[in-house]
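Below are the chains, spelled out letter by letter.
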Amino acid sequence: MSTSSASCALIRRAVLRFGTLYQVSDHRMKFWHKIFQLGHFIISLLFVICAVVLILLATLQLWHSLQLDRALSLIQRLNGVLESIAFLTVAVAALELGQTLLEEEVQREAHMSAPTRVRRFLSRFMVVLVVSLSIETLVLVFRVGHDAPEQLPYAASVGLVAAVLLAAWGVFIRFNCSAEELEPEAMALAKQEDEKLE
């Protein structure tokens, strides 16, 4: 009897110690999770600040290009407008990335373990990247077509990269949809989170 009661007391103490360690570990993880959320928020804010600066630079570039009292050739004015478009393209990408980080990492506290979350996060990023590269290709083609036509293959390579990224993204979505079918509860949870945020 005394041996079994001593064993029970040892087991009880071990369980209490483990529970205390688990609680301490859980508190540490929550602390680090909050630190990472703060880091994502700061990065998102910096993306937005960079986008605002790029919008201001694009506005200044456009203003200088359109001033009629300046002695600029038509090609120089066109290049100024194209530079403004390039600035705005990067600004849109920065804004979208900032918004994506804010919504996915801070508001939703998303953990990239479910295929649905990975697809949603990467899809938003890839849309911005492919559209930005496509617009940049157009800007480069117009710019080098007038200034240095021998550089057109380099501009075309940017468009090729955008096309390859688009194709790879399509393959990823195709495979990811198969993985989502294995975890329907993750898709339902993601839809519930979307409804809460709206």
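Residues numbered from 1 in each chain as written. Predicted model: local features only at pLDDT ≥ 70, side-chain atom pairs only at ≥ 80, totals over all residues. Heavy atoms only, no water.

**Quick look at a nonpolar patch on the surface**
Part 1 of the reasoning: Taken together, the side chains of L38, F41, I42, L45, L46, I49, V53, L57 and L60 make up a nonpolar region of the molecular surface, amounting to roughly 790 Å² of accessible area.
Part 2 of the reasoning: Checked against the element boundaries, F41 lands in helix 1 (residues 2–66). (Patch = residues over 30% accessible without salt bridge, like charges linked within 9 Å, V, L, I, M, F, W, Y side chains within 5 Å. Areas by Shrake-Rupley, 256 points an atom, 1.4 Å probe, with all protein chains shown as cover. Salt bridge = Lys/Arg side-chain N within 4 Å of Asp/Glu carboxyl O. Helix = DSSP H or I, 4+ residues; strand = E, 2+ residues; numbered from the N terminus.)

**Side note on the side chain of T100**
Part 1 of the reasoning: Structurally, T100 can be placed in helix 2 (residues 74–107).
Part 2 of the reasoning: Judged by relative accessible area, T100 falls into the buried class, the value being 3%.
Part 3 of the reasoning: For T100, the residues in contact, after removing those within four places along its chain, are E105, F121 and R124. (Buried < 20%, exposed > 50% of the residue type's maximum accessible area, 1.4 Å probe, protein only. Contact = heavy atoms within 4.5 Å.)

**Quick word on the environment of G145**
Part 1 of the reasoning: Relative to the helices and strands, G145 is located in helix 3 (residues 115–147).
Part 2 of the reasoning: Given a relative accessible area of 36%, G145 falls into the partly exposed group.
Part 3 of the reasoning: The sequence separation of G145 and A155 amounts to 10 residues, and the corresponding C-alpha distance is 9.5 Å.
Part 4 of the reasoning: The contact partners of G145, leaving out residues within four places of it in the chain, are L140 and L152.

**A closer look at the environment of V48**
Part 1 of the reasoning: Mapping V48 onto the fold places it in helix 1.
Part 2 of the reasoning: Since its relative accessible area comes to 31%, V48 is described here as partly exposed.
Part 3 of the reasoning: Between the C-alpha atoms of V48 and A91, which are 43 residues apart in sequence, the distance is 8.4 Å.

**Regarding the pattern of salt bridges**
Part 1 of the reasoning: Considering all chains together, one arrives at three salt bridges under this definition.
Part 2 of the reasoning: A salt bridge links R124 to E96, with the shortest nitrogen-to-oxygen separation between them at 3.3 Å. On the criterion of sequence distance, the pair formed by R124 in helix 3 and E96 in helix 2 is long-range, its members being 28 residues apart.
Part 3 of the reasoning: What makes R124 buried here is its relative accessible area of 18%.
Part 4 of the reasoning: Here E96 falls in the partly exposed class, since its relative accessible area comes to 24%.

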